Amino acid sequence: MTQHADGDAREPAWHAMPAVVTLDAFASTMESGLSAEDARQRLERHGANALPPAPRRSMFRRLLAQFDNVLIHVLLAAAGVTAVLGHALDCAVIVGVVLINAVIGFVQEGKAEDALDAIRNMLSPRAQAMRGGRRLELDATQLVPGDIVFVASGDRVPADLRLLRTRGLRIDESSLTGESLAVDKAPAPNAADTPLGERSAMAWSGTLVSAGQGTGVVVGTGGATQIGHIGRLLADVDALATPLTRKMTAFGRWLSWAILALAALAFVFGTRVRGYAAADMFLSAVGLAVAAIPEGLPAIMTVALAIGVQRMAARRAIIRRLPVVEALGAVTVICSDKTGTLTRNEMTVQRIFTASGDFAVTGAGYAPEGSFSLDGRTCELPAHPELTEIGRVALLCNEAALHDDGDGRWTLTGDPTEGALLTLGLKAGLDPAFERNALPRLDSIPFESEHRYMATLHHDHRGRAFVLLKGAPERLLDLCPVERHDGDARLLASARWHDGMQALAGDGMRLLAVAIKPLESMQSVLTFDDIDAGGFTLLAVLGLSDPPRAEAVEAVARCRSAGIRVCMITGDHAATARAIGERLALAPLPLKVLTGSDVERMDDAALRDAVADTAIFARASPEHKLRLVKALQARGEIVAMTGDGVNDAPALKRADVGVAMGDKGTEAAKEAAAVVLADDNFASIAAAVEEGRTVYDNIRKAIVYILPTGGGEAGIVLLAIVLGLTMPITPVQILWVNMVTAVTLSLALAFERPEADVMRRPPRDPREPLLTGFLIWRIAFVSALMVLGGLLLFLRVTGNGGSVELARTVVVNALVVGEIVYLFNVRHLTASVLSLEGATGNRYVLAAIAALLVIQALFNYLPAANLLFGTVGLAPSDWGPILLFGATLMGLVEAEKWLVRQWLARRRAQMPPSRNAGA
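None of the values given here were measured: they were computed from a predicted structure.

Undergrad: Tell me about the confidence of the model for the protein chain, and name the residues and values.
TA: For the protein chain, the mean per-residue pLDDT works out to 84, and 87% of the residues sit at or above 70. Across residues 4–10, where pLDDT falls below 50, the model places 16 contacts with residues more than four positions away in sequence or in other chains. Below a pLDDT of 50 lies the segment residues 115–124, which in the model reaches 38 contacts outside its immediate sequence neighbourhood of four places, other chains included.

Undergrad: Can you tell me about the pattern of salt bridges, naming the residues and giving the values?
TA: The final tally for this structure, using the stated rule, is 34 salt bridges. One salt bridge connects R558 with E690, and the closest N-O pair in it is separated by 3.4 Å. Separated by 132 residues along the polypeptide, R558 in helix 20 (residues 550–561) and E690 in helix 27 (residues 683–723) bring together distant segments of the chain. Salt bridges sharing partners connect three or more residues here, namely R315, R558, E690 and E691.

Undergrad: Explain the packing of aromatic side chains to me, using residue names and the numbers behind them.
TA: Applying the stated rule across the entire model yields eight aromatic pairs. Aromatic side chains F353 and W497 sit 5.4 Å apart centroid to centroid with 80° between the ring planes, which places their arrangement in the edge-to-face category. Separated by 144 residues along the polypeptide, F353 in strand 10 (residues 348–353) and W497 in helix 18 (residues 494–506) bring together distant segments of the chain. Of the two residues, F353 and W497, both sit in the buried class. Ring centres 5.2 Å apart and planes at 25° place the aromatic pair W777 and F781 in the stacked group. Within this pair, W777 and its partner F781 are both found in helix 29 (residues 773–799), separated by four residues, close to a single helical turn. When its relative accessible area of 18% is taken as the criterion, F781 is described as buried. Here the aromatic cluster, defined as three or more aromatic residues joined through ring pairs, consists of W736, F859 and F869. If you follow R135 out to its NZ or CZ, it ends over the ring of F150, 4.0 Å from the centre. One Lys or Arg, R170, reaches over the ring of F447 and ends 5.2 Å from the middle of that ring.

Calculation notes
Residues numbered from 1 in each chain as written. Predicted model: local features only at pLDDT ≥ 70, side-chain atom pairs only at ≥ 80, totals over all residues. Heavy atoms only, no water. pLDDT = per-residue confidence, 0-100. Contact = heavy atoms within 4.5 Å. Salt bridge = Lys/Arg side-chain N within 4 Å of Asp/Glu carboxyl O. Helix = DSSP H or I, 4+ residues; strand = E, 2+ residues; numbered from the N terminus. Phe/Tyr/Trp six-rings, centres within 6.5 Å; stacked < 30°, edge-to-face > 60°. Buried < 20%, exposed > 50% of the residue type's maximum accessible area, 1.4 Å probe, protein only. Lys NZ or Arg CZ within 6 Å of the ring centre and 35° of its normal.

In structure tokens form, the structure reads like this:
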């Protein structure tokens, strides 16, 4: 990840080395940097400071890969059969379905491969560097190990740097480490085992300088940087197949072999036992295969997923890969990044501990909306002048700026902590412009980690000067002999302040103290001696945190009620993460927390056991997040990973469902994810889960609906072979029934709305087969009814002297009518059809039936269709038995559903109380 000047691939701990040793290792000096010749040679040796492009498949290979699917093979086989039978239109329809699936997959996959490009684009385009004793502006891609680089507030760090000199340098590393606060940087070496997020002597490529200035020596460029390491992780991560694609692949493979075996068995039986000619039996076997192949199933699955995409888009969840819609419904664990996902990524002052009391501050984020309360009672500002004084110090001892975008959103320029202080001043009713004019600043001492405070010097236009101070509470306590109490100064009660600070820290808050000192005489320069002399009055210790989103709290509760675990994975400290986790109610208390150090000490087996009941993973690096997702998946969990930073991208890609934040999320995260939340709202995940479960329900209903058609037709053909009867239905008639029911009736099921209990069920077992024993029974039961009804009607017509063409026409129409009535049965697998808002519960059902009746009328009475399909027009008297068969089928299926409901009720009554309540 880091580089020696000589190109050695080892990774020295630059953060642990003195700055002079690092400079010597790269044969560079801070005064003159590298010579032009040295830089040229190193550029040739190490390459440009850009992430190496990942090898990509050609567009042709990507397109071919879309056809590598068993169900597509089944469809192509069906197309081949129809082509052999000479029905070009039917063949074209099937091939069209295959091509539509291929194009959709091709486009979606191309978007996914943009993830690495997004990470590459995060590198700074320009950089300030020292070359040959001259300070130059270079293209950042030209930087090499050993270059001396300068960074300042607002810059994006162009390469991994070992810092040599800093002045108030603070860097926002949230996109890399997940830490919500900007990190103080200093050139002093760190311990060798210091975690990535705490290496204050390093500045990482792609992170943002939020305050101050710094000088550093380049120790890593391009793919050898931390961000390059993440890029390699992302390139090496294999995206998983979703539960539905895995099950559909297995189901399609099983179905294909079963159909081939059944057709072969029928051929052998017909030729060996019945003595039929091989040519005739071959056509019969083809008819059986055509009957059993569910040609419309992949198209139905695609349509159901596409409808899910549209519904989710309306609920602010953008789907980038179709099968992930269903996978959302199978999720058992959501691993969520904390900063910006569960929280707002906007620091907020929530407590003000003063000598007068412990004030609570309402509101979240940078919007100046909120109030103050003491002991649960709202405070009026005139009654508590100390709040105004505290707000004034927060406003004036500050380098940040807040901007009202005019739509209720406030944006920050500067450090998040200082943004929180500005908001506090606005909540205290202060006008920043007025206060800055009334108490103009004369000088300042910027915040640095060595002295741990920031100080500003002001005057009041009346010859009086004041020093305003903010910083680490333990540092300010040493400088404050007195405290402000009810407008007066009194001796500092140190023990009380320490108790208050401990309580705030115990709530996971970051602490910042504010103080003031009037000067005895007017002065225009502020020195460290002015601060070290003490004499300050302590005003307050502020408790800050990045609060949970209110909607995230509700969403977590919804997910838990749906049986979905929510785990927090964050780069933040354990205490802060635990406090946020408790406010979110991630799990029953006490919450179990693992840190990145804990994860590193565990092997894969130990980690698999540990993740079973852990709610929070703190101080997590990208590698840790990837291991955690893999450990959960090894336990059989279906994992959704949410996040918004570069550090989340590898885990987003590895997860069964990667969910990125669309507003504040980095492009790297969005490109690696399968789902992007347009509003950065964790609550949208619960809505997406509901839609995903609905999609899965509808696909299963479509399967249970479409397979009895093929089963009934195949059963009729097989039974005719066994009994030695004339074929009651021809292959082309079978294809007609399959196509018209798939294109019209079965597609209507894709529009079914969520069932009432969809978010009260536990997640389905990921190991549960696509077709459970109950569903197989239902398919077999309805198939048997279709076979029995079809054969009896065929024998009735031929027994009464009717032609074979008439009998076959009756059988085709009986199957179609059976499918129409069964469509109402299958809209709910166990509830009565009468409980589904009658016939109006899904308007697409009525539209599909109307379309089918028109198509079927053409089939029956259009002379060209009679000639093409070998049918005849039906007389009114022929429809009576057909409609009776339909009514009988509906009644028998409803009776079976009633028996199933009774059995389920008895089973629930026999369950232990705890399990029954959970069910």
